[in-house]
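Understanding the architecture of this molecule
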There are 2 protein chains.
Amino acid sequence: MDEFALIDHLCQRVSAAEPHVVHGVGDDAAVLACETGEQLLVSTDAMVEGTHFLERTMGWADVGFKAVMSAVSDIAAMGGQPRHLVVALAVPGGRPLTALEQLYDGLAEACQQSGCALVGGDVVRTDGPLAVTVTVLGAVPAGQALLRSGARPGDTVFVTGYVGSAAAGLAYLLAGSPVPADVALRLMQAHRRPLAQVTAGQVLRAAGAHSCNDISDGLASELNELARASGVRLRVRAELVPVAPEVRDYARLCGLDPLEWAWYGGEDYQLVGTAPPLAFARALAQCAALGVRLTAIGRVVDGDGVVVELPDGRVDVLAARGYNHFAADR
Amino acid sequence: MDEFALIDHLCQRVSAAEPHVVHGVGDDAAVLACETGEQLLVSTDAMVEGTHFLERTMGWADVGFKAVMSAVSDIAAMGGQPRHLVVALAVPGGRPLTALEQLYDGLAEACQQSGCALVGGDVVRTDGPLAVTVTVLGAVPAGQALLRSGARPGDTVFVTGYVGSAAAGLAYLLAGSPVPADVALRLMQAHRRPLAQVTAGQVLRAAGAHSCNDISDGLASELNELARASGVRLRVRAELVPVAPEVRDYARLCGLDPLEWAWYGGEDYQLVGTAPPLAFARALAQCAALGVRLTAIGRVVDGDGVVVELPDGRVDVLAARGYNHFAADR
């Protein structure tokens, strides 16, 4: 199968149907319709074998699924609707076609769950590890994108879902400590199949949230980005940070503090942001009706950086160290 | 320098200013304005060291320049205006920062020449070769994108610029045969610094061309794609294919037929397409006024595939074999 036949073969596994697609995969570029009153959102994310995933911790479908969700999550963090994506795949020799098919099946599943259509791609040969680069396009009502820089003193700091689950899942996959089957499944799913919070992002935007960020590099890192971009201090209470029951259980078994995973783990693809108290209350009610967990974990004050109130009353500065590809060697 | 500081540092080298940029680099996603009456174009292209370029044939600035031009060329082939791009870079350990800075300087130069702004990026670590994935967004008046499928019997087959130059340049860079300095320079530039035909694409669209494709994989391959997508036959005269004087000279020196480079070489990023004779004449006049070479090389007839009339009167079927990453091992 040659390059073009391979792209066609793989792309057929992913839906190209979405109301704004005029011409999808198959020409030099895709042609897409824009709606009046909207602005366009675009973000790109690369995942490389060995750096972002290991064959022993992720199936190929998981790799495709997570690559899409990781990119879609950036659109969710802007309060937008993801619509279209293009995928560039660098493939080492000798990789069986079935692995690529599974990867595209994972892409397809994530596209379907987030309302996206695949509209283009490139498949190239590499002498190195497999790499997937997903670029996602989305839309947001003009002027309403949720930026990192919008946090204001008096805002409530919120987070969606649970945090630390993906890191706990990776720890479980690498260590393999004995846990009940349902706990193991939940931990593994959290690492392999994170769900971008598209609906929550739109609810938060519509409710009047001031700022938002997705949790790709750990809550500590994302909170610090919000504080820095907005020129404010975030004051967070450690005991309010939502950690899933199975993550607490697994942390106890490992003799660890589950908050370490929440602060520094990353890849949860939940949303963290700030909203005026009334807007937060509106969002909370709507999220509850939709079955989406939304938790207030602190507030925005004058100052800079992130401080965390510990259960024993101490107050610590929460530094931004999260997962970072280049911190070690540059 | 950590991952975020590195992205910021590199992105500062490339202009982010373009009238449709609402928020550029620095948030989860870029925010871009759409114009009423336009449709959006998107395309992605990956370039991997060892597969698409070698350190001994391309400088880092050339790699950045060519990565952008290769992606922008897809927008040119649709008759569109490139506007925004996002770049994902996978970097092996030990690569000096100056190499990345040069790569981004090359990106910047190509962006400036094609009227594009960099609006986002990702930089990740890889154990493999350096890889650059460029996704470019452009715009076209609604309903006017030039597709591959629009060729109709009676159309004139055209090509912009010269073809085969990039392949001749690569041959020169690999073999290093002695040629005059100005010839060497032109050959190397053709391989390292191809120029996407953005203006020509728009002129051809406005003049009423029926179909278009950019030459990334060799004229033979691109002509066959047009024929297949449109359900027609393209009949081309070999002696009309525009080959640059320095390429003819270098081919003579090597004892080769320069048309081999034109048919099968690729990476010229010229445009090939079809237009009704009157539309072609209009485009020809406008291109001449702009100093853009546009050449009629044949015509569209009923049938399928591509046939080429040779100078000795023979007629051959021109097969699609061009550069193809996967043809060899799948």
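Residues numbered from 1 in each chain as written. Chains lettered and ligands numbered in written order. Predicted model: local features only at pLDDT ≥ 70, side-chain atom pairs only at ≥ 80, totals over all residues. Heavy atoms only, no water.

This part covers the sheet that holds strand S4 (residues 81-92) of chain A. Spatial strand order, S5(A)-S4(A)-S6(A)-S3(A)-S2(B)-S1(B): 6 strands in an open sheet with mixed pairing. Across the chains shown, the open sheet's two edge strands, defined by having one partner strand only, are strand S5 (117-126) of chain A together with strand S1 (21-23) of chain B. Averaged over all pairs of adjacent strands, the angle between their axes in this sheet comes to 25°, without regard to strand direction. Bridge count for strand S3 (residues 38-48) of chain A against strand S6 (residues 131-141) of chain A is 11 bridges, and the pairing is antiparallel. Along S6 of chain A, the bridge assignment pairs valine 42 of chain A with leucine 137 of chain A. (Pairing = 2+ DSSP bridges. Helix = DSSP H or I, 4+ residues; strand = E, 2+ residues; numbered from the N terminus. Axes fitted to C-alpha atoms, helices over the stretch in contact; angles between N-to-C directions.)

Glancing now at the relation of the copies chain B and chain A. Overlaying chain B with chain A gives an RMSD of 0.0 Å, the required rotation being 180° about an axis along which the chain moves by 0.0 Å. Expressed as a symmetry operation, the mapping of one chain copy onto the other fits a two-fold axis. Relative to the rotation axis, the C-alpha of glycine 128 of chain B is the closest in chain B, positioned 1.9 Å from it. Comparing interface residues between copies, 100% of those in chain B also lie at the interface in chain A; the contact surface is shared. (Least-squares fit on C-alpha atoms with pLDDT ≥ 70 in both. Contact = heavy atoms within 4.5 Å.)

Okay, the pairing of strand S10 (residues 271-275) of chain B next. All names here are of chain B. With 5 of its 5 residues buried, S10 lies for the most part within the structure. Both faces of S10 are covered, namely the face carrying Leu271, Gly273 and Ala275 and the face carrying Val272 and Thr274. In terms of strand pairing, strand S8 (residues 211-214) meets S10 through 4 bridges, oriented antiparallel. Counted as the bridge partner of asparagine 213 is valine 272 from S10. (Buried < 20%, exposed > 50% of the residue type's maximum accessible area, 1.4 Å probe, protein only.)

A separate point is the interface of chain B and chain A. Listed by partner, the interface residues are 73 residues for chain B and 73 residues for chain A. Buried area between chain B and chain A, summed over both chains or domains, comes out near 5,800 Å², and the portion from carbon and sulfur atoms is 57%. At the boundary of chain B and chain A, one finds 4 salt bridges. Linking chain B with chain A are 17 residue pairs in polar contact (both at pLDDT 80 or more), by the criterion used here. Here the side of chain B that touches chain A is composed, by residue class, of 38 nonpolar, 18 polar and 17 charged. Pairing between strand S2 (residues 30-33) of chain A and strand S3 (residues 38-48) of chain B: 4 bridges, direction antiparallel. When the sheet's bridge partners are listed, alanine 30 of chain A is paired in S3 of chain B with valine 42 of chain B. (Buried area = accessible area lost by both parts, 1.4 Å probe. Salt bridge = Lys/Arg side-chain N within 4 Å of Asp/Glu carboxyl O. Polar contact = N/O pair within 3.5 Å; in protein donor to acceptor, adjacent residues only side chain to side chain. Nonpolar A, V, L, I, M, F, W, Y, C, P; charged D, E, K, R; others polar.)

Before going further, it helps to spend a moment on the pattern of salt bridges. Summed over all chains, the structure comprises 38 salt bridges over all chains. The closest approach of N and O atoms between glutamate 101 of chain A and arginine 13 of chain A, which form a salt bridge, is 3.9 Å. Here glutamate 101 of chain A is found in helix H3 (residues 97-114), whereas its partner arginine 13 of chain A is found in the loop between helix H1 (3-11) and strand S1 (21-23), with 88 residues between them in sequence. Salt-bridge contacts for arginine 186 of chain B lead to aspartate 182 of chain B; the nearest nitrogen and oxygen are separated by 3.6 Å. Placement of both arginine 186 of chain B and aspartate 182 of chain B in helix H5 (residues 181-192) is noted, with a separation of 4 residues, approximately one turn of the helix. Within the structure, one salt-bridge network assembled from shared partners comprises Asp27 and Asp28 of chain A together with Arg148 and Glu225 of chain B.

Let us look at the confidence of the model for chain A. Predicted confidence across chain A gives a mean pLDDT of 93, with 97% of residues reaching 70 or more. Here the complex is predicted with pTM 0.93, and the ipTM for its interfaces comes to 0.90. (pLDDT = per-residue confidence, 0-100.)

Two orientations exist for strands paired in a sheet by backbone hydrogen bonds: parallel and antiparallel. Pairing within the open sheet is mixed, and its 6 strands lie in the order S1(A)-S2(A)-S3(B)-S6(B)-S4(B)-S5(B). For this open sheet the edge positions go to S1 of chain A together with strand S5 (117-126) of chain B, each flanked by a neighbour on one side alone. Direction aside, neighbouring strands of the sheet carry axes that sit 25° apart on average.

Glancing now at the domain arrangement of chain A. Residue and element names in this part refer to chain A. Split by domain assignment, chain A resolves into domain 1 (3-141) and domain 2 (148-329). Computed from C-alpha coordinates alone, the two centres of domain 1 and domain 2 are separated by 26 Å. Between domain 1 and domain 2 lies a buried interface of about 2,000 Å² when both sides are counted; carbon and sulfur atoms form 53% of it. Counting the surface domain 1 buries against domain 2, the share from its top three residues, Thr57, Lys66 and Ala77, is 26%. Across the pair aspartate 62 and arginine 193 runs a salt bridge, and its minimum N-O distance is 2.8 Å. For the pair domain 1 and domain 2, the interface holds 9 residue pairs in polar contact (both at pLDDT 80 or more). Those elements that provide at least two residues to the side of domain 1 that touches domain 2 are helix H2 (60-76), S4, H3 and S6. No other element matches the 10 residues that H2 contributes to the side of domain 1 that touches domain 2. Within the side of domain 1 that touches domain 2, the residues separate by chemical class into 12 nonpolar, 10 polar and 5 charged. (Domains from an automatic or database assignment.)

Below, the discussion takes up the environment of leucine 32 of chain A. With respect to the helices and strands, the residue leucine 32 of chain A is situated in strand S2. Sequence separation between leucine 32 of chain A and alanine 229 of chain A is 197 residues; the distance between their C-alpha atoms is 32 Å. With residues up to four places along the chain from it excluded, the contact list for leucine 32 of chain A reads His20, Val21, Val22, His84, Val119 and Leu137 of chain A together with Gln39, Leu40 and Val42 of chain B.

Quick look at the packing of aromatic side chains now. Within a pair of aromatic rings, the relevant descriptors are the distance that separates the centres and the angle that separates the planes. All names here are of chain A. Evaluated as defined, the whole model comprises 6 aromatic pairs over all chains. Where tyrosine 172 meets tyrosine 250, the ring centres are 5.8 Å apart and the plane angle is 80°; that geometry is what we call edge-to-face. Separated by 78 residues along the polypeptide, tyrosine 172 in helix H4 (residues 165-175) and tyrosine 250 in helix H8 (residues 245-254) bring together distant segments of the chain. Neither residue differs from the other here; tyrosine 172 and tyrosine 250 are each classed as buried. Aromatic ring contacts, followed pair by pair, group Tyr172, Tyr250 and Trp261 into a single cluster. Note that arginine 193 overlies the ring of phenylalanine 65, its terminal NZ or CZ placed 4.6 Å from the centroid. (Phe/Tyr/Trp six-rings, centres within 6.5 Å; stacked < 30°, edge-to-face > 60°. Lys NZ or Arg CZ within 6 Å of the ring centre and 35° of its normal.)

A separate point is the environment of glycine 161 of chain A. Residue and element names in this part refer to chain A. Looking at the element boundaries, glycine 161 is found in the loop between strand S7 (156-160) and H4. Residues glycine 161 and valine 236, 75 residues apart in the sequence, show an inter-C-alpha distance of 16 Å. Setting aside anything within four residues of it in sequence, one finds glycine 161 in contact with Pro242, Gln270 and Arg293.

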